[in-house]
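This is what each chain is made of:
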Amino acid sequence: MSSENTKMIIGIDDTDSRKGMCTTYLCALLREELSSFAKLISEPILVRLNPTIPYKTRGNASVALLIECDDKERVFRHVTEKISSMACLDNENTNPGVVFVLEDQFDSVRDKLSSFFKCAVKDVITIDEAKELASELNLEYKAFKNGRGLIGALSACGAMLDLEWDYTYEYLAYREKEVWGTRRTVDEKSLFEADRVTYPDTWDTVDLVNNMVVCVPHSGDPVLYGIRGKDASSVKKAASFVVSEPVERVCIYRTNQGTDMHLMHVSLISEIEEMHSYILEGEVSSEPITIRGGHTIFTLKDEAGDVIDCAAFEPTKNFRELVRKLIPGDRVVVYGSVTENTFNIEKIKITELATSYEIHNPQCPSCGKRMKSAGSGQGYRCKKCGTSSDISDKKEIERDVMPGFYEVPPCARRHLAKQLLRFENEVLPVFPGR
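First, a word on scope: everything that follows refers to the structure included in this document. (Residues numbered from 1 in each chain as written. Predicted model: local features only at pLDDT ≥ 70, side-chain atom pairs only at ≥ 80, totals over all residues. Heavy atoms only, no water.)

## Re the overall build of the protein chain
- Assigned secondary structure in the protein chain consists of eight helices and 26 strands.
- The long-range fraction of contacts in the protein chain, counting pairs at least 24 apart against all pairs at least 6 apart in sequence, stands at 72%.
- Here the protein chain has roughly 20300 Å² of accessible surface; of this, 45% comes from carbon and sulfur atoms.
- Once the 55 positive and 67 negative side-chain charges of the protein chain are each reduced to a mean point, those two points are 7 Å apart. (Helix = DSSP H or I, 4+ residues; strand = E, 2+ residues; numbered from the N terminus. Contact = heavy atoms within 4.5 Å. Areas by Shrake-Rupley, 256 points an atom, 1.4 Å probe, with all protein chains shown as cover. Lys, Arg positive; Asp, Glu negative; His and termini not counted. Charge placed at Lys NZ, Arg CZ, Asp CG, Glu CD.)

Here it is as structure tokens:
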């Protein structure tokens, strides 16, 4: 066992379940515990991976710590024992993974781990691919059960080694352990006040249009609330306004949330794959319809003539009202994910509006009355004067929608979806979902 100081990255993923626990909580706890015999070098990393993966637990997040220590074996032992004792290992969908990257490996593994991270945000990666990479790079790691968490653990290490990606921050407050699984106590007025004072430096704390609190989860995990924003000082300021039950600990993460990192530009619908996320331009080719469950759907046509269903699902609330105003011929760019051959819209850019008309039977030039249909395909005829016409009257209708960017409200926002307030240098106006 060496007594020489060395830096180390610790990546962890998949310790939670849909019912409880939270990988970010474990990271916050380890950060505190390791500080008694190791030095914390930088802020912890929280990265969200491909949001369409069906076997994710909740938010598909993984975490990483950067520390300096003189006893790496002690760190290995402490971290793996903590995962063993705290992860929801009795849940069939919980398969933790932890990866350790030592300082003398940083330069040699940086490029491959960085590429792996960016791929895991956009693509589908197998457990075998993760294990093969960890072995190829000669990394110290531990896979629990089937080891799916190695994918996220490697990704978080890659994110820590890279840092050349767009990022935001999240302040996470955690509950005292004895109240996990019970109803949370957070004063809603204080959250609206926090938003009022710190927006737009923080966002998605509340949803003003739908009068909802967004930053307080409802599952049985340890998180009390999470404040998201542009930097550490802004989220910390917002949190200072929050009135709540006692907080056990807090942790501020650097994260890829709110960055659109999952999206890929695609020109043709034929290039789209299931469980991937895209930016796609096309022409609205059908009137939007609202189906059972409140979901609003229209078809989008690309330049090759192929079509795909685009959906504003019920949780997007008032965003559906915008979608219902589209008509065939409108040019739009949609942002979102594809599952079950349906494009789940996260935001939309209307680039060109088609002209809409009201169609009326023509007026008789002699008596001024409206003509009647003379039969299918036979034009119009005035019953009084006998005058006929093949041309109907068309009157342009003013559209109740403008070109520009529109987004879903905060209550429906995905972790990775970039808020319009973070868009820069856009020519068209933006219409925030708040």
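Picking up after the structure, the text goes on.
## Looking at the environment of K317
- With respect to the element layout, K317 can be found in the loop between β17 (307-312) and α8 (319-323).
- Exposure remark for K317: the relative accessible area of 27% places this residue in the partly exposed category.
- For the pair K317 and G433, spaced 116 residues apart in sequence, the C-alpha to C-alpha distance is 9.9 Å.
- Residues in contact with K317, not counting those within four places in the same chain, are N210, P409 and C411.
- Side-chain polar atoms of K317 contact the side chain of E314, separated by 2.9 Å. (Buried < 20%, exposed > 50% of the residue type's maximum accessible area, 1.4 Å probe, protein only. Polar contact = N/O pair within 3.5 Å; in protein donor to acceptor, adjacent residues only side chain to side chain.)

## Observations concerning the packing of helix α6 (residues 188-198) against helix α7 (residues 232-239)
- Direction vectors running N to C along α6 and α7 enclose 140°, while the axes themselves pass 8 Å from each other. Seen along the crossing, α6 lies across α7 with a hand that is right-handed. Of the residues in α7, those touching α6 at A194, V197 and T198 are S234, K237 and A238.
- Taken together, the residues of the contact of α6 with α7 sort by class into three nonpolar, two polar and one charged. (Axes fitted to C-alpha atoms, helices over the stretch in contact; angles between N-to-C directions. Left-handed = near helix turned anticlockwise from the far one by under 90°. Nonpolar A, V, L, I, M, F, W, Y, C, P; charged D, E, K, R; others polar.)

## Comments concerning the pattern of salt bridges
- Throughout the structure, instances matching the rule amount to 23 salt bridges.
- Put simply, R228 and E170 hold a salt bridge, and the shortest N to O gap is 3.3 Å. Of this pair, R228 sits in strand β11 (residues 223-229) while E170 sits in strand β7 (residues 168-175), and the two are 58 residues apart along the sequence. E170 shares its class with R228; the two are buried.
- Salt bridges here are not isolated pairs; linked through shared partners, they connect E32, E248 and R249. (Salt bridge = Lys/Arg side-chain N within 4 Å of Asp/Glu carboxyl O.)

## Examining the nonpolar core
- Ranked by size, the top nonpolar core spans 37 residues in total, and within it M8, I10, I12, L34, V75, V79 and Y253 carry the most contacts.
- Mapped by element, the contributors of at least two residues to this core are β1 (6-13), α1 (23-34), β4 (61-69), α2 (72-86), β5 (97-102), β7 and β12 (247-255).
- Top contributing element to this core by residue count: α1, with seven residues.
- If we skip the residues at most four places from it in the chain, I12 touches T23, L26, L30, S62, V63, V79, I83, G97, V98 and A153.
- One finds I45, L66, L113 and L133 within the second-largest nonpolar core, a separate group that totals 34 residues. (Core = buried A, V, L, I, M, F, W, Y, C linked by side-chain atoms within 4.5 Å.)

## Let's talk about the sheet that holds strand β21 (residues 372-373)
- Ordered in space as β21-β22-β23, the three strands form an open sheet in which the pairing is antiparallel. Every other strand in the sheet has two partners, leaving β21 and β23 (388-389) as the edge strands with one partner each.
- Bridge count between β21 and strand β22 (residues 380-381): two bridges; the pairing is antiparallel. Its bridge partner lying in β22, K372 is registered against R381. (Pairing = 2+ DSSP bridges.)

## Notes on the side chain of T342
- Among the structural elements, T342 can be located in strand β19 (residues 342-352).
- A relative accessible area of 16% places T342 in the buried class.
- Each residue touching T342, except ones within four places of it in the same chain, is listed here: D309, A311, F313 and S337.

## A closer look at empty space enclosed by the protein
- The full count for this structure, using the stated rule, is one cavity of 30 Å³ or more.
- In this model, the largest cavity occupies a volume close to 60 Å³.
- In terms of lining residues, the largest cavity is bounded by Y199, W203, D204, E407, P410, R413, Q419, L421, P432, G433 and R434.
- Class assignment of the residues belonging to the lining of the largest cavity gives a composition of five nonpolar, two polar and four charged. (1 Å grid on protein atoms, 1.4 Å probe; cavity = no way out; pocket = protein on both sides within 12 Å on 5 of 7 lines; lining within 4 Å. Points joined across faces, edges and corners; volume = space filled by probe spheres on them.)

## Details of unusual backbone geometry
- The omega torsion across Y199 and P200 is 10°, close enough to zero to call that bond cis.
- Here the phi dihedral of L163 falls at roughly 65°; this positive angle occurs in a residue that is not glycine.
- Mapping L163 onto the fold places it in the loop between α5 (149-162) and β7.
- With a phi angle near 50°, K317 is a residue other than glycine that sits in the positive phi range.

## Things to note about the packing of aromatic side chains
- Tallied over the full model, the rule gives 10 aromatic pairs.
- A ring pair is formed by F76 and F100, whose centres lie 4.5 Å apart and whose planes are at 55°; its orientation type is tilted. Taken together, the residues F76 in helix α2 and F100 in strand β5 connect sequence positions 24 residues apart.
- The exposure class of F76 is buried, given its relative accessible area of 7%.
- You can call F100 buried: its relative accessible area is 2%. (Phe/Tyr/Trp six-rings, centres within 6.5 Å; stacked < 30°, edge-to-face > 60°.)

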